[in-house]
Amino acid sequence: MTTVVLAVALIALGLVAGPFVGIVVDRAVDRIRLEPQHRCSACQTGLGSRSLRPVLSWTDHCPSCANHKGVRYPLVDVGTVVVFAALGLRFGWSPMLVPYLALGAVLVALSAIDIETHLLPNVIVWPSIVVGLFLILVFSGEFDYIDGINSALLGAAVFGGFIGLAHVVHEQGMGRGDVKLALLLGLFVGWLQPDLIDTTRLVFWTILLALTGGGILGLAYNLVRGRGRAEIPFGPALAVASLVIVVVSPAIAAGVAI
Ligand SMILES: [Zn+2]
């Protein structure tokens, strides 16, 4: 029963949060100032507060150019709901759910921005690292999980170090933004395990999953596209792989999944 209540609460929270994640994506992609409305992706006309209705507002037409407001919005809404629901399954009513929900919302925004612009803006990534570290320190202290702080820092060092090395070796494939994103992801993947060896193992599974998933998607995209090679943004692969590992980490720790 309590799981059902949590699931309903998180789906509702995801539906409410999704349109606001969409506003952050707007700001980064179209350089629109933060405002409580979405804008038409074709002509930038403001669509009013009604445009913040999750998913459904996609069918709205722009009063100026009659276009749909754009597929970005419903995808961000649905992405936020899916991520929140998956994290609810993983953490249940644990207080740890709160920082991971914050991470989930940031990752949906960054993935959408990276797909559209091939950039991971410093103005989002750096504050997320600072706030993430702050949340990790506060929650670890509050819930007597001091080992988790070392694990989070090690996770950031290993994840950031590996992706940083990949950036040096292959600058076109792995951008500087990916290195900073890896620092953020390493904090939260690392925080899951008190043991430092388990932490390192978890980070390497995340990297392997991101490289495999991102590589297959990139290959498939270039095959479908047919001509030339396109640079595929790697941020979403890193983000999705990290969220998957966060959700399945209890199975990994129990030796079930791997
Ligand atoms: Zn328009």
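Predicted, not measured: the structure shown is a model, and the values here were computed from it.

Draft legend 1. Inspection of helix α7 (residues 196–225) at higher detail. The terminal C-alpha atoms of α7 lie 43 Å apart, and with 30 residues this matches the ideal 44 Å at 1.5 Å per residue to within 8%. Regarding α7, the residues found buried are Thr-199, Leu-202, Val-203, Thr-206, Ile-207, Ala-210, Gly-214, Gly-218 and Asn-222. Packing partners of the buried residues in α7 comprise α5 (147–169), α6 (176–190) and α8 (235–253). Of the residues flanking the start of α7, the one acting as N-cap is Asp-195, its side-chain oxygen 2.9 Å from the backbone nitrogen of Ile-197.

Draft legend 2. Expanded view of the coordination of the zinc ion. Cys-40 (SG), Cys-43 (SG), Cys-62 (SG) and Cys-65 (SG) make up the full set of protein donors to the zinc ion, lying at 2.3 Å. Coordination geometry of the zinc ion: the four donor atoms subtend angles of 104 to 114° at the metal centre, consistent with an arrangement described as tetrahedral. Taking relative accessible area as the criterion, Cys-43 reaches 32% and is therefore assigned partly exposed.

Draft legend 3. Quick peek at a nonpolar patch on the surface. Taken together, the side chains of Ile-11, Leu-15, Val-55, Val-78 and Val-82 present a nonpolar region at the surface, about 350 Å² in accessible area. Listed by contribution, the elements that provide at least two residues to the nonpolar patch are α1 (2–30) and α2 (72–91). Examined against the element boundaries, Val-55 turns out to sit in the loop between α1 and α2. According to the relative accessible area criterion, Val-55 is partly exposed, its value standing at 32%.

Draft legend 4. Looking closely at empty space enclosed by the protein. Counted by the stated rule, this structure contains one cavity of 30 Å³ or more. Roughly 30 Å³ of internal volume is contained in the largest cavity. As for the largest cavity, its lining consists of Ile-23, Asp-26, Arg-27, Ile-32, Arg-33, Glu-35 and Gln-37. Split into classes, the residues belonging to the lining of the largest cavity amount to two nonpolar, one polar and four charged.

Here is what the cut-offs are and how they apply
- Residues numbered from 1 in each chain as written.
- Predicted model: local features only at pLDDT ≥ 70, side-chain atom pairs only at ≥ 80, totals over all residues.
- Heavy atoms only, no water.
- Helix = DSSP H or I, 4+ residues; strand = E, 2+ residues; numbered from the N terminus.
- Expected span 1.5 Å × (residues − 1).
- Buried < 20%, exposed > 50% of the residue type's maximum accessible area, 1.4 Å probe, protein only.
- Contact = heavy atoms within 4.5 Å.
- Polar contact = N/O pair within 3.5 Å; in protein donor to acceptor, adjacent residues only side chain to side chain.
- Donors = N, O, S within 2.8 Å, 3.2 Å for Na, K, Ca; no water.
- Tetrahedral: all angles 85-135°; square planar, octahedral: opposite > 155°, others 65-115°.
- Patch = residues over 30% accessible without salt bridge, like charges linked within 9 Å, V, L, I, M, F, W, Y side chains within 5 Å.
- Areas by Shrake-Rupley, 256 points an atom, 1.4 Å probe, with all protein chains shown as cover.
- Salt bridge = Lys/Arg side-chain N within 4 Å of Asp/Glu carboxyl O.
- 1 Å grid on protein atoms, 1.4 Å probe; cavity = no way out; pocket = protein on both sides within 12 Å on 5 of 7 lines; lining within 4 Å.
- Points joined across faces, edges and corners; volume = space filled by probe spheres on them.
- Nonpolar A, V, L, I, M, F, W, Y, C, P; charged D, E, K, R; others polar.

These results come straight from atomic positions and should not be treated as a statement about function.
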